[in-house]
Amino acid sequence: MNKVFLLPLLLAMLFMYLIDRKSIRDAPAVNRWISRLFYVISICIWIYGTSTKSTVYVATWLARFIDMWLPPTL
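Residues numbered from 1 in each chain as written. Predicted model: local features only at pLDDT ≥ 70, side-chain atom pairs only at ≥ 80, totals over all residues. Heavy atoms only, no water.

K.L.:
Is there a simple way to think about the overall build of the chain in this case?
P.N.:
When helices and strands are counted, the chain shows three helices and zero strands. Secondary structure of the chain in N-to-C order comes out as α-α-α. When the 74 residues of the chain are sorted by exposure, 11% land in the buried category. Working note: accessible area of the chain is about 6,500 Å², and carbon and sulfur atoms make up 73% of it. (Helix = DSSP H or I, 4+ residues; strand = E, 2+ residues; numbered from the N terminus. Buried < 20%, exposed > 50% of the residue type's maximum accessible area, 1.4 Å probe, protein only. Areas by Shrake-Rupley, 256 points an atom, 1.4 Å probe, with all protein chains shown as cover.)

Below you can see the structure in the form of structure tokens.
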């Protein structure tokens, strides 16, 4: 794993969480869990992207997942 790229992301995520802490705390419970889930998902995507040696683009994988929820094109 390329830890050089992981450290700035973790520091940025911690900084963003500290800035948003008050607004997340005041949000409804569902929004709190969604916000925290997005933080965790973004860290997992970054770890996966920096740890794998194969060329798998996370954006392509996410686009295929999102396509399942979109209506078919005309």
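K.L.:
I keep staring at a nonpolar patch on the surface and nothing clicks. Help me out?
P.N.:
On the surface, W61, L62, F65, I66, M68, W69 and L70 cluster together into a nonpolar patch covering about 820 Å² of accessible area. Tracing the sequence through the fold places L62 in helix 3 (residues 58-67). We classify L62 as partly exposed; its relative accessible area is 31%. (Patch = residues over 30% accessible without salt bridge, like charges linked within 9 Å, V, L, I, M, F, W, Y side chains within 5 Å. Salt bridge = Lys/Arg side-chain N within 4 Å of Asp/Glu carboxyl O.)

K.L.:
Whenever I open this one, the pattern of salt bridges confuses me. Can you help?
P.N.:
Working definition: two side chains of opposite charge can pair if their charged atoms are close together. With the rule as written, the count across this model stands at one salt bridge. Residues D26 and K22 are paired through a salt bridge, measuring 3.2 Å at the closest nitrogen-oxygen approach. Here the residue D26 and the residue K22 both occupy positions in helix 1 (residues 3-26), the gap between them amounting to four residues, near one helical turn. Accessibility classification places D26 together with K22 in one group, the exposed group.

K.L.:
Would you mind going over the packing of aromatic side chains with me for this structure?
P.N.:
Here a ring pair, both rings aromatic, is described through the centre-centre distance and the interplanar angle of the planes. Going through the model one piece at a time under the given rule, you end up with one aromatic pair. On the numbers, 6.4 Å between centres and 70 degrees between planes, the contact of F65 with W69 is edge-to-face. Judged by its relative accessible area of 41%, F65 falls in the partly exposed class. Using a relative accessible area of 65% as the deciding quantity, one classes W69 as exposed. (Phe/Tyr/Trp six-rings, centres within 6.5 Å; stacked < 30°, edge-to-face > 60°.)

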